[in-house]
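Each chain, written out:
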Amino acid sequence: MAALNDPLAARAHARAMEGSVAEAMPILPPVANDLPEGVLADDLLWEERIAAGGYASRRLPRGSITRLIDLDGDACASIQLFNAEMPTERLNVADTVKIQWNAYLGAGKLLLSDMGRVLMSIMSDDAQTHDAFCGASNAASNARAYGDGSNAGPFPNARDRLLLGVAKHGLGRRDVHPCINLFKGVTIATDGATVPDLGPFAPGRAVTLRAEMDLILVIANCPHVLDSRPWSVTPLRATAWRGPIAGPDDAIRTATPEGRRAFLNVDDYYRR
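So, how was this worked out
- Residues numbered from 1 in each chain as written.
- Predicted model: local features only at pLDDT ≥ 70, side-chain atom pairs only at ≥ 80, totals over all residues.
- Heavy atoms only, no water.
- Buried < 20%, exposed > 50% of the residue type's maximum accessible area, 1.4 Å probe, protein only.
- Helix = DSSP H or I, 4+ residues; strand = E, 2+ residues; numbered from the N terminus.
- Arc of directions from axis to C-beta.
- Polar contact = N/O pair within 3.5 Å; in protein donor to acceptor, adjacent residues only side chain to side chain.

Q: What should I look at first to understand helix α3 (residues 139-146) in this one?
A: All buried positions along α3 are accounted for by S141, N142 and Y146. Considered in projection along α3, the buried side chains sweep an arc of 100° and stay on one side of the axis. Two or three places before A140, at the start of α3, stands the capping residue N138, its side-chain oxygen 3.1 Å from that residue's backbone nitrogen. Phi turns positive one or two residues past the end of α3, at G147, with a value near 90°.

Okay, here's the thing in structure tokens:
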């Protein structure tokens, strides 16, 4: 690596890296060689590798599809969602669970806002291990587990990574709300005990989500707050492409009375 005290050498080194694949950086323009059949290269909106301990945020249009892949079997995608037009409307984990009568997320389930609207739908799910109970790790929990929980330290926490992500959209600490953790499972036993299922799992598990509103997606990829192992998390891949808005006969939209109502609330919002 170029010496830091030689700016000309450092510049030459940095420029030589152009076009190389970084551990964590969006690919610009986005390129992916494994898009689903019928999806054109021009439809691609986002391609990014999110490092272990890293974060990402993206504004996505209504109808777009986002695919998250747990590349090596030990990623933890802590996600938050905001209405891009009015970020005071955001993911409400309690309503997501309560309104659907189900705390275990998977294909066909909805991620609901605090206004009773659908922000995203889960279209497919290879993982089937997710967590709507525990929320994100924080500086104090990481300090207890690893001795350092700061953003600048070796063991960053998910809550502060989410803060960095929301800040790119003009939001602040008060906007970092309870999250859902994808790829790490938590269930509640009959006696009320919290039972984690944190892997590691087989590599390559994927979750595909559809944006039902114009939204901001923020992701932190840090160890789950209940993970008792030494620091353990692996990279996450995010890919997004344009897609059609769900029609009135969409299978996810029509699956339950609660879901139909939530989609009607979305329709009413965009009818203005």
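There is more to say after this.
Q: Honestly, unusual backbone geometry in this entry has me stumped. Any pointers?
A: Excluding glycine, most residues fall at negative phi; most peptide bonds, likewise, are trans. The omega torsion of the bond from L28 to P29 falls at -15°, within 30 degrees of zero and hence cis. Mapped onto the secondary structure, P29 falls in the loop between α1 (7-16) and β1 (44-50). Although it is not a glycine, W101 adopts a positive phi angle of roughly 55°. Topologically, W101 is positioned in the loop between α2 (93-99) and β5 (110-112). A positive phi angle, close to 60°, is found at Q128, a residue other than glycine. Counting through the fold element by element, Q128 comes out in the loop between β6 (118-125) and β7 (130-131).

Shape descriptors only; they carry no functional weight alone.
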